[in-house]
Amino acid sequence: HGLRGQPSNRKIPGPIQQRALRRLRQPEYAGFGPTLAAVHLQRAGMRVSRETARKWMAAAGLWRSRRQRLRAVHVWRPRREAFGELVMMDSSEHAWLEDRGPKMVLIALIDDATSRIGGRFAKHDTTEENLRTLEGWLRRWGRPVALYTDQDSIFQPAGPVPVDGQLRGEPARTQFGRALAELGIGWIAAHSPQAKGRIERLFGTLQDRLVKEMRVAEVGTLEQANRFWELTFLPQWQQFTVQPRQRRDAHRPLGRAHRLE
C-alpha cells in the first residue's frame, strides 16, 4: 500500500495528545482509568476514544492494566425478572470527599433486576437516616416486593421478642422492621458479604468513579455531594442499567394509610 510506513491519515495530531496528557497528569485526575479519562477529555473538547486514551496513558505511565487473577468457580445468582421485585440496601463509610470535606456515609439502594440505583449521603449510618433514604425510593418508585440488607442492628433485633409480642405472636422487629411490615415490604437478610455481591460491587465502583467525579467538580460539603449525586451522577448512571427480563414494574403504589413521615 502506498501509505505503508507512513502515519495514518486518521492519527490524532501530536499537540492534542500532549494537551490531553497534560490534563490527565493534573492531581484531580489521579487514578483515572481509560474509560473515565476518555469521558472527561471529550467534555474538554478532545474527541478521544477509550482505546486511544488507554494507549496514550499506558505509554505515559499513567495507567497499567490489572493482571488477570485466577478465581474460584462461582455460580452467579440470576437477576430477578422485574424492576421492584428485590431492592438491595447498604451503607458505605468512606472518604468520599477525600481531604476536601467531612467524612460521610453513603446509604445506597440498587434494584436487582435493572441495577437502577438511589440513595443519599448522610453524616451517620442511623435508623433515621436509613428510613429517610428508603423514603426517597418509595416516593419515587413505590413499594418494592422485598428489601435485601445485612444483619446490622438497624435491621436485625438483638434481643428476644418482648412478652406482650410473644403473646400476640409477633416476631422481633426493629423500628426499621416495623416500618417495612406496615408498608408490606418483605425483608431478606444477607448471611455473608458474598450474598449481597451486587451492592458490594456497586460500592466498589462508586468509591472509584464517584470520588473522582466529585473531585473534578470540586464538591466539598455534604449538601454539595447530595446535589451532585442527585442531579449529575444518577443521570449518568443510566448507561449502566440493564433491561429486565419482564417489562412490568413490580413496585406497588403508596396508599393513603402509608404515612411515610
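Let us look at the structure shown here. Remember, it's a predicted structure, so these values are computed and weren't measured experimentally.

Calculation criteria
Residues numbered from 1 in each chain as written. Predicted model: local features only at pLDDT ≥ 70, side-chain atom pairs only at ≥ 80, totals over all residues. Heavy atoms only, no water. Buried < 20%, exposed > 50% of the residue type's maximum accessible area, 1.4 Å probe, protein only. Helix = DSSP H or I, 4+ residues; strand = E, 2+ residues; numbered from the N terminus. Arc of directions from axis to C-beta. Contact = heavy atoms within 4.5 Å. Pairing = 2+ DSSP bridges. Polar contact = N/O pair within 3.5 Å; in protein donor to acceptor, adjacent residues only side chain to side chain.

**As for helix H6 (residues 175-183)**
Next up, step 1: Buried residues of H6: Phe176, Gly177, Leu180 and Leu183, and no others. The buried side chains of H6 occupy one side of the element, clustering within an arc of 125 degrees when seen end-on. Across from the buried face of H6, at angles greater than 90 degrees, the exposed residues are Gln175 and Glu182.
Next up, step 2: Contacts made by the buried residues of H6 are with strand E1 (86-94), helix H4 (127-141), strand E4 (146-149) and strand E5 (186-189).

**As for the pairing of E1**
Every other side chain in a regular strand lies on the same face of the sheet, so the side chains alternate between the two faces.
Next up, step 1: Of all nine residues in E1, seven are buried; the element is thus mostly enclosed.
Next up, step 2: Direction of pairing for E1 relative to E4: parallel, over a ladder of three bridges. From the neighbouring strand, Val87 faces E4, where its bridge partner is Leu147.
Next up, step 3: Note that E1 and strand E2 (residues 104-111) share eight bridges and pair antiparallel. Across the sheet, Met88 pairs through a bridge with Ile110, a residue of E2.

**Overview of the side chain of Lys212**
Next up, step 1: One can find Lys212 in helix H7 (residues 197-216).
Next up, step 2: Not counting the four nearest positions on each side in its chain, Lys212 is found in contact with Ala30, Gly31, Phe32, Gly33 and Leu36.

**What about the side chain of Asp111?**
Next up, step 1: Note on placement: Asp111 falls in strand E2.
Next up, step 2: A distance of 3.2 Å separates a polar atom in the side chain of Asp111 from the backbone nitrogen of Ala113.
Next up, step 3: In terms of polar contacts, Asp111 uses its side chain to reach the side chain of Thr114, at 2.8 Å.
Next up, step 4: When sequence neighbours within four positions are dropped, the list of residues in contact with Asp111 reads Ala82, Phe83, Gly84, Glu85, Leu86, Val87, Arg116, Trp137 and Arg198.

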